[in-house]
Every structure is written in structure tokens, then in C-alpha cells.
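Summary of structural features
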Amino acid sequence: MNDLPRTQALRCFITVAREGVVSRAASLLNLTQPAVSLQLKGLEESTGLLLFNRTPGGFTLTEAGAALLPLAHKAISASSDFKTMADSLRESVRGSLRVGTILDPEFIRLGPFVRSLATSLKQTEVFLRYGMSDDVLAQIGRGDLDVGYFVDATPAESLSFPSFSERHIDDGKYQLAPLMSYPYRVIAPAEWSDRVIGKDWPDLIGLPWLATPPHSAHRRLLDNIFRPMGSLPKRVAYADQEEAMIDFVESGICLSLARDCTLDRITRKRNFVIADKVTVTCDLSFACLTSRRHEPVISHAFSAMQAVWDLKPTNTLPAPVAAPRSRKSARR
């Protein structure tokens, strides 16, 4: 025997020894019966020993098989310990983090966050990928990103009693750490003042709205408001940058959503009005898969993000029993 047996072969050996039947062992190992039989054959050939007695009633260990079984258990345990230690050493030396970003860097405090990770003891290497809010969440779900920023409507219970406790969406799949709440305003061409001032959402559904990308927060927020009314607004033009959205509104063709900070940057004369009865209050949150929340690099990223936003750490949530709200009603 020149080489050590592979762990897959040892797992097959241990499981068949315990179950006595290849079919049951294959089911437990999520393998086919031929695959298990092939692993056993290879193990016997590599050791030069007959490990099982094959009988109509199943498999029983030979004397050689019984002698090797405890060592097979130790080998599997050692392999697991080796992987655990290697993972721990890798994390302690240097971690990497793939971050999905949205909106503008200053608004989401991206620079201080990246700088905090880069200068910490763990010296986390950060890879950034810009996208739309829903795209970022989808990439986290597929494993293409580790964490990312996400915007959704502030939960109704938090409108009256603001809370920055972590919460779940999408039936518990994703975990969010709210960073701030902010309003989206509805802006309209200046000459449409009589159409929007003093008006509520049902009065605005019949007006043309600016089209934004399907995976954008703007699109999801407005759809979630108007869909319960029985229809969606007519959409005209198309833009995916907030400055361009304001330009379209000022051209006199549509309504749009806009953040206060974007509007505050406009120093020239404004050719738009802001609706006074409607706003959309949103949470900017930091997101990850719930199943990965306590991984060392991700946990460190959440702590760094809370420090950047000067938020007191809250008890993180365990794996959810039930989702407080679905993404259909929560996503942006």
C-alpha cells in the first residue's frame, strides 16, 4: 500500500460497516450504490485485504476489517480537524470579503467601512461590486457576494418605534442590520404643482412615472405601493442615475422618487416641486445570508459597519423560526 486511502473511501467503509447494507449506506452518503461498491473495491485493492464478508443478508466485517475500523474513524476525525485548523489559520492571517455596493459611496459610508477593514488586525481584503439593490441581494444568495448594502421599506412597526435591531427577510434566508432610515420624496415638474400638492398615492397612480431598472429599489418600492391598488402606474422614459432622474422630471414629462441628500446638492434654480403628503421611508441595511452571519470574516464586517455608523451592537439573531416579513413586502 503506497498511498493513504481517500476520506471518501473511508467514509464508505465506516458507513457500510455500521449499516451492513450498501443500499442504505449509499442513501446516507448521498451516493449511488455502484459508487459505494467502487470505493470499497478500491480500498480493498489498495490495502490488499478483504475487509467484508459478502453474504445474502448483507456485509459483515472480516477480522482485518474489524481491526482497521477504529483507525478509519481516527483518520476521518483527523481529516476534519486538519480542515478546521487550516480554515482557522487562514482567517487569522488574512480574510477576504466580497461586498455589493449601491447608491453613492459617501451616502453609504463606503470609504470609512473599507478603511476600517483594511487597517484592522484581521486586515481584511475587500472586493467591491456595484449594482442595484435587488441584484446585490440575489448575488449574496448565489454566493457571488459575501455581504452587501440593501434598501427596503422600513417595517411598519419601526415607523413608530425606530429600531436598529437585526431582522430577517425572505422567509429567514437573509439577515439585515439596519444602518439608517431615510425618506424618498416624490418630485414632479414645477407646472404640475396642482396635481401633486395635497395629493395622496391614489391620486398619483394615474400620472406618468419615470421608469427605472427592474431590479432597482425605486421600481420595487413604487410597485409595492401601487400594486395593492389594483394597477401599476404608466412609466415613461428611463434612467438609472438620480441626477438623470431629476433632469427628466424637470423636462416636464414624469414623476420620480428622490433622496433628500440628492435634492440638497442642487444649488441652481429648481424646476420641480416636492409632493407634500407622500413619502417612502426606507432602511439602508447591511445584508448577508442568515446561514453565514456568524462566519468570522462576515461577523467582523458587521461589527466594523456598526462602528462606522456609530451604532451600539445588538444581539444578533439566531436562525429564524419564522420570517417577520417576506421580501415581496419588504424589498426595495
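Everything quoted here is computed from the prediction, not taken from an experiment.

1. Here's the deal with the packing of aromatic side chains
Applying the stated criterion across every chain yields a total of 10 aromatic pairs. Here a set of aromatic residues connected by ring pairs shows up, and it is made of Phe 113, Tyr 149, Phe 286 and Phe 302. Seen from the ring of Trp 192, Arg 195 lies directly overhead, with NZ or CZ sitting 4.7 Å from the centre. Cation over ring: Arg 293 sits above Phe 302, and NZ or CZ is 4.0 Å from the ring centre.

2. As for the nonpolar core
Counting 61 residues, the largest nonpolar core has Phe 113, Tyr 149, Trp 201 and Leu 284 as its most contacted members. With 10 residues, the top contributor of residues to this core is strand 11 (residues 272-289). If we skip the residues at most four places from it in the chain, Trp 201 touches Val 186, Trp 209, Leu 222, Ile 225, Phe 226, Met 229, Val 278, Thr 279 and Val 280.

3. Observations regarding the pattern of salt bridges
Applying the stated criterion to the full structure yields 17 salt bridges. The closest approach of N and O atoms between Glu 242 and Arg 259, which form a salt bridge, is 2.3 Å. Taken together, the residues span a long stretch of sequence, with Glu 242 in helix 12 (residues 242-250) and Arg 259 in strand 10 (residues 256-259) at a distance of 17 residues. In terms of burial, Glu 242 and Arg 259 fall into one category: buried. In this structure, Glu 295 engages Arg 292 in a salt bridge whose closest nitrogen and oxygen atoms are separated by 3.0 Å. On the accessibility criterion, Glu 295 (33% relative accessible area) is partly exposed.

4. Considering the packing of helix 2 (residues 22-29) against helix 3 (residues 33-47)
Where helix 2 meets helix 3, the closest approach of the two axes is 8 Å, and the angle between their N-to-C directions is 105 degrees. The pairing of helix 2 with helix 3 is recorded here as roughly perpendicular in orientation. Contacts between helix 2 and helix 3 involve Val 22, Ser 23, Ala 26 and Leu 29 from the former and Gln 33, Val 36 and Ser 37 from the latter. Residue classes in the contact of helix 2 with helix 3 are distributed as 4 nonpolar, 3 polar and no charged.

5. Some remarks on the confidence of the model for the protein chain
Per-residue confidence for the protein chain gives a mean pLDDT of 86; residues scoring 70 or more make up 89%. Within the model, pLDDT remains below 50 along residues 317-332, and this stretch shows 54 contacts once partners closer than five positions in the same chain are excluded.

6. Remarks on unusual backbone geometry
In this structure, Asn 30 is a non-glycine residue whose phi angle is positive, near 60 degrees. Mapped onto the elements of the fold, Asn 30 is located in the loop between helix 2 and helix 3.

7. Describing the packing of helix 1 (residues 7-19) against helix 2
Where helix 1 meets helix 2, the axes come as close as 8 Å, and the angle between the chain directions of the two elements is 130 degrees. As far as their axial angle goes, helix 2 and helix 1 are oblique. At the point where helix 1 passes helix 2, the crossing takes the right-handed sense. Two secondary-structure elements touch here, helix 1 through Arg 11, Cys 12, Thr 15, Val 16, Arg 18 and Glu 19 and helix 2 through Arg 24, Ala 25, Leu 28 and Leu 29.

8. As for helix 12
The set of residues buried in helix 12 consists of Glu 242, Met 245, Ile 246, Val 249 and Glu 250. Taken down its axis, helix 12 places every buried residue within 135 degrees of arc, on the same side. Tucked inside the fold, the buried residues of helix 12 contact strand 7 (174-189), strand 8 (209-210), helix 11 (217-226), strand 10, helix 13 (260-264) and strand 11. With its phi angle positive at about 90 degrees, Gly 252 sits one or two positions after the end of helix 12.

9. Some points on helix 6 (residues 110-119)
Buried within helix 6 are the following residues: Leu 110, Phe 113 and Leu 117. The arc that holds every buried residue of helix 6, seen down its axis, measures 70 degrees, which confines them to one face. With respect to the buried face of helix 6, the exposed residues turned more than 90 degrees away are Arg 115 and Thr 119. Residues of helix 6 that are buried make contact with strand 3 (96-101), helix 5 (105-108), strand 4 (125-130), strand 5 (147-153), strand 11 and helix 14 (296-308).

Scoring rules and cut-offs
Residues numbered from 1 in each chain as written. Predicted model: local features only at pLDDT ≥ 70, side-chain atom pairs only at ≥ 80, totals over all residues. Heavy atoms only, no water. Phe/Tyr/Trp six-rings, centres within 6.5 Å; stacked < 30°, edge-to-face > 60°. Lys NZ or Arg CZ within 6 Å of the ring centre and 35° of its normal. Core = buried A, V, L, I, M, F, W, Y, C linked by side-chain atoms within 4.5 Å. Buried < 20%, exposed > 50% of the residue type's maximum accessible area, 1.4 Å probe, protein only. Helix = DSSP H or I, 4+ residues; strand = E, 2+ residues; numbered from the N terminus. Contact = heavy atoms within 4.5 Å. Salt bridge = Lys/Arg side-chain N within 4 Å of Asp/Glu carboxyl O. Axes fitted to C-alpha atoms, helices over the stretch in contact; angles between N-to-C directions. Parallel < 35°, antiparallel > 145°, perpendicular 65-115°, else oblique. Nonpolar A, V, L, I, M, F, W, Y, C, P; charged D, E, K, R; others polar. pLDDT = per-residue confidence, 0-100. Left-handed = near helix turned anticlockwise from the far one by under 90°. Arc of directions from axis to C-beta.

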